[in-house]
Amino acid sequence: MKFKAIYYVNQFFGQIGGEDKAGMKPMFKEEAIGPAMGFNTLIKEEGEVVGTIICGDNYFNENKEESMKFIMDIVKKHNPDVLIAGPAFNAGRYGMACAGVGSEVNEELGIPVVTGMYIENPGLDAVNGTAYVVSVPDSAVGMRDALPKMAKLAIKLAKGEEMGKPEVEGYLPQGKRLTVFSDKRGSKRAVEMLIKRFKNEEFKTEMPMPVFDTVEPADAIKDLSKATIALVTSGGIVPTGNPDRIQSASAQKWGKYNVADIDALTGNAYCTIHGGYDPVYANAVPDRVAPLDLLKKNEKDGVIGKVFDYFYTTTGTGTSVGNAITFGKEIGQELKEAGVDGVIVTST
Amino acid sequence: MVKEIERFGIPVVHMSTITTISEAVGANRIVPTIAIPYPVGNPNLSEAVELDLRTKLVKRALTALTTEVTEITQF
């Protein structure tokens, strides 16, 4: 008998629509749709995709409980041998959804889950050792390579075969420790590793330590009425015409605009160029993304000392962590030198 | 960006809808917002009610900046 797979995709890969459909509620179709079709072909000898769950990225992330209730009901009803989600590439909301679906289905129902993500996708952290995640490139051009890798893992898991190490099977390390037998005892291995290090030779640790990069919270502002507050957004709000040509996705730069003499980011003068969300509401009232109007009002009312003369902006969608770090350093440097006391960063 | 700006010793408050991402990237002060396409607003409300909501969200952000924290904190 063939094994059963259920597939999870977002509104885009589910062929419902783009950002304008990102608010759609989850639905289930008893057929293979989008990447599930290619996947189905790859497993057809041994398994079958019995249906595809499609959910809008915004809807999932904004209504996780309702979405998961629907999804869990479907999964319980069909009781698949494996659940496949994505691949989500570097799409953050899609990655969070794949991780959310994957971890709950795996933890609550014990069904193995396979997904695919770019190494910088924020969803990867949220998977937290539940789903098997295939490392995929940052955009959908990697679909062709991703699906066979995901299919290979899915077949193994569905058939209950033993899973090998990450580097052998092609998934990202899950942070799990396995007992393995070695022909050399620990003290010997440790000394050998130490000698390799002394000689500057390549060595491989048996237990990689997690890297925690946290920043100490900065001290709070003592007197808000004397403080200068700066506004920063990753929501892609720019002066109409986008004079600095900031990219609508995978930003390579940021912009700053003088807002000293205006009271709000009005819909005529400003707009969003962000390619990762439906721009209708932000274009009507850009202050919904970057609330300059209310900061100015607080300044006028004496609640805050001053709104910093410049407002900083870039696009957060698909932007690499490396670029985001550079932008943060450059903007932080300017704000520090200008004596800014506090910063509001808004994200979409 | 939030983290790198805070590294300069300036308190930063992150207003974001997907707070799980915000926490994952290491924001210390977080104000949960309304929705991805309109974090600080809600076009489904009447103008007056939306203004009231927006005023409260910004006030919460300012409160966050004046509150000492030692770990990731949602306001």
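## Let's talk about the interface of chain B and chain A
- The interface of chain B with chain A comprises 46 residues on the first partner and 57 residues on the second.
- For the pair chain B and chain A, the two sides together bury roughly 4300 Å², of which 69% comes from carbon and sulfur.
- In terms of surface lost to chain A, no three residues of chain B exceed M1, F8 and I36 of chain B, which account for 18% of the buried area on that side.
- Those elements that provide at least two residues to the side of chain B that touches chain A are α1 (2-6), β1 (12-16), α2 (19-25) and α3 (47-65) of chain B.
- With 8 residues, α3 of chain B is the single largest residue contributor to the side of chain B that touches chain A.
- The residue inventory of the side of chain B that touches chain A, partitioned by class, reads 25 nonpolar, 12 polar and 9 charged.
- Where strand β12 (residues 342-346) of chain A meets β1 of chain B, 4 bridges bridge the pair, whose relative direction is parallel. Residue pairing for β1 of chain B: V345 of chain A is matched across the bridge by H14 of chain B.

## Here's the deal with the packing of helix α10 (residues 292-300) of chain A against α3 of chain B
- One can describe the packing of α10 of chain A onto α3 of chain B by two numbers: an axis separation of 10 Å at closest approach and a directional angle of 70°. When the interaxial angle is binned, α10 of chain A and α3 of chain B end up roughly perpendicular. Relative to α3 of chain B, α10 of chain A is oriented so that their crossing is right-handed. Counted together, D293, L294, L295 and N298 of chain A of α10 of chain A and L51, R54, T55, V58 and L62 of chain B of α3 of chain B form the full contact between these two elements.
- Of the residues contributing to the contact of α10 of chain A with α3 of chain B, the split by class is 5 nonpolar, 2 polar and 2 charged.

## Regarding the state of the cysteines
Residue and element names in this part refer to chain A.
- A full pass over the atoms with the stated rule returns 0 disulfides over all chains.
- Here C55 is not disulfide-linked; the sulfur of C98 is the nearest cysteine sulfur, at 11 Å.
- In this structure C55 comes out as buried when scored by relative accessible area, which is 0%.

## Considering unusual backbone geometry
Residues and elements named next belong to chain A.
- Cis geometry is adopted by the peptide bond preceding P87, which originates at G86 and carries an omega value of 10°.
- Its location among the elements puts P87 in the loop between β4 (82-85) and α4 (92-109).
- Despite not being glycine, N79 shows a phi value in the positive range, around 40°.
- You can see N79 is positioned in the loop between α3 (64-78) and β4.
- Taking relative accessible area as the criterion, N79 reaches 52% and is therefore assigned exposed.

## Quick look at the environment of V343 of chain A
Residue and element names in this part refer to chain A.
- Here V343 lies in strand β12.
- With a relative accessible area of 0%, V343 lands in the buried category.
- Sequence-wise, V343 and P239 are 104 residues apart; in three dimensions their C-alpha atoms are separated by 21 Å.

## So, the packing of aromatic side chains
- Within the structure shown, the criterion is met by 11 aromatic pairs over all chains.
- It is K256 of chain A that lies over the ring of Y310 of chain A; its NZ or CZ is 4.7 Å from the centre.

## Some thoughts on the sheet that holds strand β6 (residues 132-135) of chain A
All names here are of chain A.
- If you walk across this open sheet you meet the 6 strands as β2-β3-β1-β4-β5-β6, and the pairing is mixed. The open sheet has two edge strands, β2 (27-29) and β6, and neither has a second partner. Between one strand axis and the next, the sheet turns through 25° on average, direction left out of account.
- As defined by bridge partners, β2 adjoins strand β3 (residues 47-55) across 3 bridges and the pair is classed as antiparallel. Looking at β3, one finds that F28 is bridged to I53.

## What to know about the domain arrangement of chain A
Residues and elements named next belong to chain A.
- Parsing chain A into structural domains produces domain 1 (3-169) and domain 2 (224-346).
- The C-alpha-based centres of domain 1 and domain 2 are spaced at 35 Å.
- Domain 1 puts 5 residues into the contact, and the matching count from domain 2 is 9 residues.
- Buried surface at the junction of domain 1 and domain 2, summed over both partners, amounts to about 470 Å²; 43% is from carbon and sulfur atoms.
- Of all residues in domain 1, the largest losses of buried area upon contact with domain 2 belong to E19, N90 and E120, amounting jointly to 77% of the total for that side.
- Our enumeration of links across domain 1 and domain 2 arrives at 0 salt bridges.
- Summed over the shared surface of domain 1 and domain 2, the number is 2 residue pairs in polar contact (both at pLDDT 80 or more).
- Of the residues that constitute the side of domain 1 that touches domain 2, the class distribution is no nonpolar, 1 polar and 4 charged.

Here is what the cut-offs are and how they apply
Residues numbered from 1 in each chain as written. Chains lettered and ligands numbered in written order. Predicted model: local features only at pLDDT ≥ 70, side-chain atom pairs only at ≥ 80, totals over all residues. Heavy atoms only, no water. Contact = heavy atoms within 4.5 Å. Buried area = accessible area lost by both parts, 1.4 Å probe. Helix = DSSP H or I, 4+ residues; strand = E, 2+ residues; numbered from the N terminus. Nonpolar A, V, L, I, M, F, W, Y, C, P; charged D, E, K, R; others polar. Pairing = 2+ DSSP bridges. Axes fitted to C-alpha atoms, helices over the stretch in contact; angles between N-to-C directions. Parallel < 35°, antiparallel > 145°, perpendicular 65-115°, else oblique. Left-handed = near helix turned anticlockwise from the far one by under 90°. Disulfide = S-S within 2.5 Å. Buried < 20%, exposed > 50% of the residue type's maximum accessible area, 1.4 Å probe, protein only. Phe/Tyr/Trp six-rings, centres within 6.5 Å; stacked < 30°, edge-to-face > 60°. Lys NZ or Arg CZ within 6 Å of the ring centre and 35° of its normal. Domains from an automatic or database assignment. Salt bridge = Lys/Arg side-chain N within 4 Å of Asp/Glu carboxyl O. Polar contact = N/O pair within 3.5 Å; in protein donor to acceptor, adjacent residues only side chain to side chain.

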